[in-house]
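Residues per chain, in single letters:
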Amino acid sequence: MTSTVERSVGRPVGRIEGPDKVSGAARYAAEYPVEDVTYAWVVQSPVARGTLNAVVVDPLAEDDDMLAVLWHGNAPRLEAGDDPELAVLQGERISYRGQAVALVVARTLEAARRAAQTVTLDIAEEPHDSLLRADHPGIYTPEVVNPSFPSVSELGDVEAAFAAAPVKVDVRYETPALHNNPMEPHATTAVWEGDDLVLYDSNQHPPGVAATVGALFGLPAERVHVITEHVGGGFGSKGTARPNAVLAAMAAKVVGRPVKLALPRQAMFSMIGYRTPTLQRIRLGAEADGKLTAIAHEAIEQTSQLFEFAEQTTTVTRHMYAAANRRTSHQLVRLDMPTPRWMRAPGEAPGMVGLECAMDELAEQLGMDPIELRIRNEPAVEPESGVPFSSRHYVDCLRAGAERFGWAGREHKPRLRREGSWWIGTGVAGASYPTMAQPSVARVRLDPDGSAEVAIAAADLGTGARTILTQIAADELGLPVERVRMRIGDSTLPKASVAGGSSGSASWGWAVTGACREIRRTGGTEATFDSADIIKQQEKDGKHAYGAHFAEVRVDADTGEVRVTRLFGMYAAGRILNPRTARSQFIGGMTMGMGMALHEEGVLDPAMGDWVNHDLAEYHIPVHADIESIEAAWLDEHDDQVNPMGSKGIGEIGIVGSPAAIVNAIWHATGIRVRDLPVRLDKLLPHL
């Protein structure tokens, strides 16, 4: 099959589903028209710890439209599962404030919500513990951190090397709880067709949700049909089945009618997972020339009483800089709080704040340019394992980014540039994110008219996955993209991996490429390819994307207001499959990084055991007015060892490092080191 069609990969093809989205034709989980539908509303616990004895419905307030009030006293029994947070309405124990303790089902959404507000909860409240602190008596070391990294890594003698180092920093950084807030909330429409279950569900892994929910109801995965055609964002919070899917299925079973359940924004702060707050200590020891001799990065995080989730906060430090003596570690505290879960670049995002800000502080100690310090500590191989890198162009990102940003001539001393009432400074930070691929299966069919259908149960969160897979298939088959139909977002299609860990395009593209090549090899009209065996044999170490972030900020000398005037990221992320969608991914991550640096935080009230700013009026995220200039660029990197496309993940590296660049720029502007994020004006004002 000789192609005369212009190759598609590498071109800025617009999103195939774009017209449907802007016209409103694209359907999301709660928008599918279902006959005889009913609505569910979750009743959440008002206490952080205790026992639910009863749920009482006031007969005087009972609405004719109300169909059922479910709680552990009358809810159907579920099979045991791996995730205790999915055992909804199965027991009397309350493990965090906001936990689902009852579910109201009614003919209308308004009736369900009104009834949920009138039920009485008979709760025996107990004292709770919700505050993460470094001296907590319950601190322990988990065996592994997400997904399966060793909790502790050690090489050489860190203590001796640090004590002997002529130049050193020993600093503590804190990051707050951060909350996933995709535009589309977690939502499910559940329909029972006989003993089979259909879920229109907003998630990042249709086959995984089918398997998990099916197991809870005693069904094999093939009898649960999960439809996820469009997803309004997820950031990781939709990577696994969440309580909304189980509750909706349970309610539909009880009332014998379809049920729609969409979580309100406030419930997104408790029921779907969040990024753990972190307490980090970073010690760097160096010679006078800047060469690191010791790196120690320790993190303390929280998890829940229900489920252990250990974020891999310090694992990024294992890959960044050379040093003969090094140690990374994680410790956990179980609190009466919701379980932290995946949030864009779990681990790498907060971990890089500590490491890259500490590197900036070391550069200050040395009187050295922070870019030069990073270049002097570039490793030749993986610093801890000794495995060669498949490709690593971090230094190239630093140099090319510095030239484009206009770094030359920057004075490394702070508080030297002022225009009117504004202090102005610049900062830099590195970025790294693992390059991963997971087993997936794809099927390709050629139709008599010469077009092709590609099927894989992947999910497009709005990142352009559907478009990129179409481009990959088009090139492999020698067709224009218009002749390729992409079917995704359906658990009955060939099994795909989760849309997470920046691995989607690599994993699914590998399977699609394999199926297309199988058709070309055999000359047939249909082929299915399973990448499991190939990926199982692949060396996983030494494969990363890299980047360098540059920030310019203004800080008002009178009010402490911070404005980011320029934010620029230079990346080495393998072959860029679609520059249009890639740029959106990069600057989306950088924008989220700006939120991490300046705006976002879950403000905890320890007395209630809950975050008090649980809506988008008080939980601040960047808006257009906050973004003055943000740009991303990339190197022409070739790496044929990572996957057939030569691509690396780009969904998460934008948020890794960009917060540190902004924090470092604030120091450069003002001479003030803020070590607990976000950098609010009240933390700057006393020192300006």
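Everything here concerns the structure above.
Please read these numbers as outputs of a predicted model, since none were measured by experiment.

A. The arrangement of the overall build of the chain in detail. Summing up its helical and strand segments, the chain has 15 helices and 30 strands in all. When contacts within the chain are restricted to residue pairs at least 6 apart in sequence, long-range pairs at least 24 apart make up 82% of them. Of the charged side chains in the chain, 66 are positive and 90 negative, and the gap between their average positions amounts to 3 Å.

B. Helix 11 (residues 504-522), seen in detail. If you check helix 11, its first and last C-alpha atoms are 27 Å apart, about what 19 residues at 1.5 Å a residue would give, namely 27 Å. Trailing helix 11 by a residue or two, glycine 523 shows a phi angle of about 75°, which is positive.

C. A nonpolar patch on the surface, seen in detail. A contiguous nonpolar surface patch, about 190 Å² in accessible area, is contributed by Val603, Met608 and Val612. If you trace the backbone, methionine 608 turns up in the loop between strand 28 (604-605) and strand 29 (610-611). Taking the relative accessible area as the measure of exposure, methionine 608 reaches 32% and is therefore partly exposed.

D. Quick peek at the sheet that holds strand 21 (residues 422-434). Strands sit in the order 20-21-26-27-30 across an open sheet of five strands; the sheet is mixed. For this open sheet the edge positions go to strand 20 (418-419) and strand 30 (630-634), each flanked by a neighbour on one side alone. Bridging between strand 21 and strand 26 (residues 544-556) involves 13 bridges; their strand directions are antiparallel. Bridging across to strand 26, glycine 425 finds its partner in valine 553. Across the sheet, helix 13 (residues 579-598) lies against strand 26, strand 27 (562-572) and strand 30, angled at about 130° from strand 30, the strand it touches most.

E. A look at the layout of surface pockets. Within this model, the second largest pocket holds a volume of roughly 510 Å³. In terms of lining residues, the second largest pocket is bounded by 21 residues, among which Val42, Gln44, Ser45, Gly98 and Gln266 are the most central. A per-element tally of the lining of the second largest pocket places strand 1 (residues 38-44) first, with four residues. Here the lining of the second largest pocket is built from residues that sort into eleven nonpolar, seven polar and three charged.

F. Geometry of the packing of helix 13 against helix 14 (residues 658-670). Taken N-terminus to C-terminus, the directions of helix 13 and helix 14 make an angle of 50°; their axes are 7 Å apart at the nearest point. Classed by the angle they form, the pair helix 13 and helix 14 counts as oblique. The chirality of how helix 13 crosses helix 14 is right-handed. In contact with Gly589, Met590, Gly593, Met594, Met596, Ala597 and Leu598 of helix 13, helix 14 contributes Ser658, Pro659, Ile662, Val663 and Ile666. Split into classes, the residues belonging to the contact of helix 13 with helix 14 amount to nine nonpolar, three polar and no charged.

G. View of empty space enclosed by the protein. Summed over all chains, the structure comprises two cavities of 30 Å³ or more. A volume near 50 Å³ is recorded for the largest cavity. Contributing to the lining of the largest cavity are Asp360, Ala363, Glu364, Met368, Pro370, Arg410, His412 and Trp667. Taken together, the residues that form the lining of the largest cavity break down as four nonpolar, one polar and three charged. Its boundaries defined by the atoms lining it, the second largest cavity holds a volume of some 40 Å³. Around the second largest cavity, the lining residues are His186, Asp201, Ser202, Asn203, Val209, Lys238, Thr240, Ala241, Arg242 and Asn244. Here the lining of the second largest cavity is composed, by residue class, of two nonpolar, five polar and three charged.

H. Geometry of unusual backbone geometry. That bond from asparagine 146 to proline 147 is cis: its omega, -5°, falls within 30 degrees of zero. With respect to the helices, strands and loops of the structure, proline 147 is situated in the loop between strand 7 (144-145) and strand 8 (149-150). Look at the link from leucine 677 to proline 678: it is a cis peptide, with omega at -5°. Relative to the assigned elements, proline 678 resides in the loop between helix 14 and helix 15 (681-684). With phi around 60°, leucine 89 is a residue other than glycine that occupies positive phi space. With respect to the secondary-structure elements, leucine 89 resides in the loop between strand 3 (66-71) and strand 4 (93-94). Residue class for leucine 89 comes out buried when judged on its relative accessible area of 4%.

I. Representation of the packing of helix 7 (residues 348-366) against helix 14 in the model. Running from N to C, helix 7 and helix 14 cross one another at 35°; their axes reach a closest spacing of 8 Å. Along this stretch, helix 7 crosses helix 14, giving a crossing that reads as right-handed. Taking contact as the criterion, the partners of Met352, Val353, Glu356, Cys357, Asp360 and Glu364 in helix 7 are, on helix 14, Pro659, Ala660, Val663, Asn664 and Trp667. Partitioned by chemical class, the residues of the contact of helix 7 with helix 14 number seven nonpolar, one polar and three charged.

J. Highlighting the side chain of serine 8. Relative to the assigned elements, serine 8 resides in the segment before helix 1 (18-23). Serine 8 sits in the buried class, given a relative accessible area of 2%. If we skip the residues at most four places from it in the chain, serine 8 touches Val13, Gln471, Asp475 and Val481.

K. Examining the sheet that holds strand 22 (residues 441-446) more closely. Read from one edge of the open sheet, four strands run 24-23-22-25, paired in mixed fashion. At either end of the open sheet lies a strand with only one pairing partner, and these are strand 24 (484-487) and strand 25 (526-530). Each neighbouring strand pair of the sheet contributes to a mean axis angle of 15°, computed without reference to strand direction. Across four bridges, strand 23 (residues 452-455) lies against strand 24 in parallel orientation. Residue pairing for strand 24: glutamate 453 is matched across the bridge by arginine 485. Each of strand 22, strand 23 and strand 24 is contacted by helix 10 (residues 465-477), which is oriented at about 135° to strand 24, the strand it contacts most. Helix-sheet contacts for helix 11 involve strand 22, strand 23 and strand 25, and the interaxial angle to strand 22 is about 40°.

L. Local environment of the packing of aromatic side chains. One pass over the full model with this rule turns up 13 aromatic pairs. Seen in terms of ring centroids, tyrosine 274 and tryptophan 611 are 4.7 Å apart; in terms of plane orientation they differ by 65°. Their pairing is edge-to-face. Here tryptophan 611 lies in strand 29 and tyrosine 274 lies in strand 16 (residues 274-275), a separation of 337 residues in the sequence. This pair shows no difference in class: tyrosine 274 is buried, exactly as tryptophan 611 is. When the centroid spacing of 6.4 Å and the interplanar angle of 85° are considered together, the rings of phenylalanine 389 and tyrosine 546 count as edge-to-face. Remark: tyrosine 546 occurs in strand 26 and phenylalanine 389 occurs in the loop between helix 8 (370-376) and helix 9 (394-405); sequence separation between them is 157 residues. Its guanidinium or amino end placed over the ring of tryptophan 423, arginine 418 lies 5.1 Å from that ring's centre, counting from NZ or CZ.

M. Structural context of helix 7. In a regular helix each residue adds 1.5 Å, so 19 residues correspond to 27 Å; helix 7 covers 26 Å between its end C-alpha atoms and thus fits that length. Of all 19 residues in helix 7, 17 are buried, a share of seventy percent or more. Immediately beyond the C-terminal end of helix 7, within one or two residues, lies glycine 367, with a positive phi of roughly 65°.

Cut-offs applied
- Residues numbered from 1 in each chain as written.
- Predicted model: local features only at pLDDT ≥ 70, side-chain atom pairs only at ≥ 80, totals over all residues.
- Heavy atoms only, no water.
- Helix = DSSP H or I, 4+ residues; strand = E, 2+ residues; numbered from the N terminus.
- Contact = heavy atoms within 4.5 Å.
- Lys, Arg positive; Asp, Glu negative; His and termini not counted.
- Charge placed at Lys NZ, Arg CZ, Asp CG, Glu CD.
- Expected span 1.5 Å × (residues − 1).
- Patch = residues over 30% accessible without salt bridge, like charges linked within 9 Å, V, L, I, M, F, W, Y side chains within 5 Å.
- Areas by Shrake-Rupley, 256 points an atom, 1.4 Å probe, with all protein chains shown as cover.
- Salt bridge = Lys/Arg side-chain N within 4 Å of Asp/Glu carboxyl O.
- Buried < 20%, exposed > 50% of the residue type's maximum accessible area, 1.4 Å probe, protein only.
- Pairing = 2+ DSSP bridges.
- Axes fitted to C-alpha atoms, helices over the stretch in contact; angles between N-to-C directions.
- 1 Å grid on protein atoms, 1.4 Å probe; cavity = no way out; pocket = protein on both sides within 12 Å on 5 of 7 lines; lining within 4 Å.
- Points joined across faces, edges and corners; volume = space filled by probe spheres on them.
- Nonpolar A, V, L, I, M, F, W, Y, C, P; charged D, E, K, R; others polar.
- Parallel < 35°, antiparallel > 145°, perpendicular 65-115°, else oblique.
- Left-handed = near helix turned anticlockwise from the far one by under 90°.
- Phe/Tyr/Trp six-rings, centres within 6.5 Å; stacked < 30°, edge-to-face > 60°.
- Lys NZ or Arg CZ within 6 Å of the ring centre and 35° of its normal.

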